[in-house]
Every structure is written in C-alpha cells, then in structure tokens.
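Working through the structure, step by step
Single-letter residue listing:
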Amino acid sequence: MELRHLEYFVAVAAEMNFSRAAQRIHVVQSALSAAVGRLEKELGLELFDRSKRQIALTAPGEAFLEHAREVIHAAHRARSSVDDFREKLTGTVTLGTLMSWGTLNLPAALREFRRSNPLVTVRLRQSLTGSAGHLAAIADGQMDLALVSINSSPSPLVVLRELTREPMVFVCEPTHPLADAARVRLVDLDREDLIQFPVGWGIRQRVDAALAAAGVNPVGAYEVADYAIAAELIRHRLATAILPISAANRSPELPKIPVHPPLTWTLSIASAAPQYISRAATTLADTLVSLVDR
C-alpha cells in the first residue's frame, strides 16, 4: 500500500468524481483509476460504488477514509519533523483564503512572517466552495491552513481558532424602501431579491440558517462569488444583500442597515490537528493570531 495510492483515494472521495480528482492532484485519470483499483484489489473490497451515474463510498470506503486521512497527515508530519534540527525554518505552507479577511490585514501578516522566515514558501489558494472546500482540503491533507467563516469543524483532523468577528448588515441602493430604516427585521425580507453566495461559503450558511429560522423565503435571483460583483448588482437596483460590515464598507455610497435579530460573521484560522501540523504552518498561524490581537 503506497502513500500516493491513499492520496488518490482521498482525492476521489472528496470529489466523488475520478476526472475532477485527477485534475485536483495533477495526474492523468487512467493512472488514478488504476491506482484506486489496485488499492481495492489489495484490500479485497470495493471502496466505491460505481453502479450509478454518481459514484459513492461504500461502507468499507467510509471506514477506510478517516484512517487514510490520518496516514496522510502523519506522513506530512514525519516530513516536517526534521525542521526542529534545521538552523532556520524551511518548507512550504499552503494557505486557503477567502474573498474577505474582515479586519485581518493578511498582506501585513504575510510580510511579517516572510521577514522572520525567509526560507518558507507560502502558497495562497482559493476554493469555489469557500470555507467548506478549505476545511475538506485540510482534512484530506491537501492544505495546511485556511481562513474560514464556518464556526465548527466537520472533522476531528481539523481545528479552528477564531480571529475576528463583526456584525452583518443589510445593503441596498439609496432609493430602496428600506434604505432609511434604523434597522431591518429579517421578517421584512420575505420575497426580497437577496443576492446569494455559493453553497459552502460560510456567509451563505449563516444567512440561509437565519432566514429559515425567521420563516423568510427570499427570491435569490442572483448567485455570485465576488463581493465587487454583488455591489454592482445592488448599485443597478437588481438586488440587495446581507454582508459583513467590512465587505459592505468597500462601497461607501450604499446604505448599510443593521439587521434584527443581529447576525455575526466570524473569521477563523483552520489547521490540521496539533499532532499533524508542521512547525512552519504553526508559526504562520501564530503570526496571524498575534497580528489580530495587536
């Protein structure tokens, strides 16, 4: 059983698609399929149910997945264990980022980290599935750290440290009927054409849950993955949105009204569990936390 075969299996389990998994880990699909097949032959069990159009993990596959992830994390930790014996910190840290960093000054944090650790390479990555995609990538051993706006970890292999929190506000164009309101009740947004963000984004999960709890059914004619595009739609009277205040403040000409019940957007740093994280990743995470505290 080879480590790369486990990595191939975990990639397919994350994507539930052999083609996308091959693209994700930069191998040809035939090699990935053959490796997973050899792994199944070695185990004497099928890890994936291929009987339907959409593949799925079998019961043995579900059980094997968590152990495979643990082995991958342990291998990464083994590689980084010699860092303590080097005079200077080296290595590569893959950091997942979001569209908004709240009040965190990420470039300043990276500059400070670079000044102290010039031999460490930091790779910044974004995900179309936002925070959920980052958390899955950390659990699968594909990413070291990530800025996320989801408040809980779906895996024991991933831990979260909160960095910042801020209120969310209703954003509209100046002639909107609610533009001059002192506050906007969520129940007042029923049938409102609210912009949605992609499934997996922390803001999408938070807003959807709050609106559902209030019994509100917005129209949601537009789904975008960019706050700047959302602001343009609002300016052209096509939609409104609920945004973190730091993101809303990028468009000073648009009214920003507090919502009730209040909604809070949080930014956390996600990492592998302490027994698996590298010293370089730990140092970068500590730098982000210390900068926010300042």
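Okay, so let's go over this structure. All values reported here derive from a predicted model rather than from experimental measurement. (Residues numbered from 1 in each chain as written. Predicted model: local features only at pLDDT ≥ 70, side-chain atom pairs only at ≥ 80, totals over all residues. Heavy atoms only, no water.)

Tallied over the full model, the rule gives 15 salt bridges. The partner of Asp140 in a salt bridge is Arg69, and the shortest N-O contact between them spans 2.7 Å. With Asp140 in the loop between helix H6 (130-139) and strand E5 (145-148) and Arg69 in helix H4 (residues 59-80), this pair connects stretches of sequence that are 71 residues apart. Asp208 is the partner of Arg204 in a salt bridge, and the nearest nitrogen-oxygen pair spans 2.6 Å. In this pair, Arg204 and Asp208 are both assigned in helix H7 (residues 202-213), 4 residues apart and thus about one turn of the helix distant. Residue Arg204 is classed as buried on the basis of its relative accessible area, which comes to 14%. A cluster of three or more residues bridged by salt bridges with shared partners is formed by Glu15, Arg20, Arg24, Glu66, Arg69 and Asp140. (Salt bridge = Lys/Arg side-chain N within 4 Å of Asp/Glu carboxyl O. Helix = DSSP H or I, 4+ residues; strand = E, 2+ residues; numbered from the N terminus. Buried < 20%, exposed > 50% of the residue type's maximum accessible area, 1.4 Å probe, protein only.)

Interhelical geometry of helix H1 (residues 3-15) versus helix H2 (residues 18-25) gives an angle of 125 degrees and a closest axis separation of 8 Å. In terms of orientation, H1 lies oblique with respect to H2. For the crossing formed where H1 meets H2, the hand is right-handed. Here Tyr8, Ala11, Val12, Ala14 and Glu15 of H1 lie close against H2, whose contacting residues are Phe18, Arg20, Ala21, Arg24 and Ile25. Residue composition of the contact of H1 with H2, grouped by class: 7 nonpolar, no polar and 3 charged. (Axes fitted to C-alpha atoms, helices over the stretch in contact; angles between N-to-C directions. Parallel < 35°, antiparallel > 145°, perpendicular 65-115°, else oblique. Left-handed = near helix turned anticlockwise from the far one by under 90°. Contact = heavy atoms within 4.5 Å. Nonpolar A, V, L, I, M, F, W, Y, C, P; charged D, E, K, R; others polar.)

A grouping of Met1, Leu43 and Leu45 is seen on the molecular surface, where their side chains present a nonpolar patch of about 270 Å² in accessible area. Mapped onto the elements, Met1 comes out in the segment before H1. Its relative accessible area of 52% is what places Met1 among the exposed residues. (Patch = residues over 30% accessible without salt bridge, like charges linked within 9 Å, V, L, I, M, F, W, Y side chains within 5 Å. Areas by Shrake-Rupley, 256 points an atom, 1.4 Å probe, with all protein chains shown as cover.)

A few words on H7. At 3.6 residues per turn, the α-helix brings residues three or four places apart onto the same side. The end-to-end C-alpha distance of H7 is 17 Å, a good match for the 16 Å that 12 residues give at a rise of 1.5 Å each. Regarding H7, the residues found buried are Gly202, Ile203, Arg204, Val207, Ala210 and Leu211. Elements that come into contact with the buried residues of H7 comprise H6, strand E6 (158-171), helix H8 (227-235), strand E8 (241-244) and strand E10 (264-272). Count one or two residues on from H7 and you reach Gly215, which has phi positive near 70 degrees. (Expected span 1.5 Å × (residues − 1).)

Evaluation of the coordinates by the stated rule reveals 1 cavity of 30 Å³ or more. In this model, the largest cavity occupies a volume close to 100 Å³. Considering the residues around the largest cavity, the lining is formed by Leu194, Ile195, Gln196, Phe197, Ile203, Arg204, Val207, Asp208, Leu211, Pro218 and Ile242. Per-element accounting of the lining of the largest cavity gives the leading share, 5 residues, to H7. Considered class by class, the residues forming the lining of the largest cavity number 8 nonpolar, 1 polar and 2 charged. (1 Å grid on protein atoms, 1.4 Å probe; cavity = no way out; pocket = protein on both sides within 12 Å on 5 of 7 lines; lining within 4 Å. Points joined across faces, edges and corners; volume = space filled by probe spheres on them.)

What follows is about unusual backbone geometry. In the segment running from His260 into Pro261, the intervening peptide bond is cis, with an omega of 0 degrees. Tracing the sequence through the fold places Pro261 in the loop between strand E9 (256-260) and E10. Phi angles above zero are rare outside glycine, and Met16 is one such case at about 50 degrees. Checked against the element boundaries, Met16 lands in the loop between H1 and H2.

Sizing a probe to match a water molecule and rolling it over the atoms shows the empty space that remains. Space inside the largest pocket adds up to approximately 1200 Å³. If you go around the largest pocket, you meet 38 residues; those closest to its centre are Thr94, Ala137, Gly141, Gln142 and Met143. Elements that contribute at least two residues to the lining of the largest pocket include exactly H1, H2, H4, strand E3 (91-96), strand E4 (120-125) and H6. The element best represented in the lining of the largest pocket is H6, accounting for 5 residues. Its residues placed into classes, the lining of the largest pocket shows 12 nonpolar, 17 polar and 9 charged. Of the volumes computed, that of the second largest pocket is approximately 220 Å³. Together, 16 residues line the second largest pocket, and Leu98, Met99, Ser127, Gly130 and Trp201 are the ones closest to its centre. Elements with a minimum of two residues in the lining of the second largest pocket: H6 and H7. Looking at side-chain class alone, the lining of the second largest pocket contains 8 nonpolar, 8 polar and no charged residues.

For H6, the tally of buried residues reaches 8 of 10 residues, placing the bulk of the element in the interior. Buried within H6 are the following residues: Gly130, Ser131, Gly133, His134, Leu135, Ala137, Ile138 and Ala139. Directly beyond the C-terminal end of H6, a positive phi value near 80 degrees is found at Gly141.

Everything listed is a geometric property; what it means functionally is a separate question.
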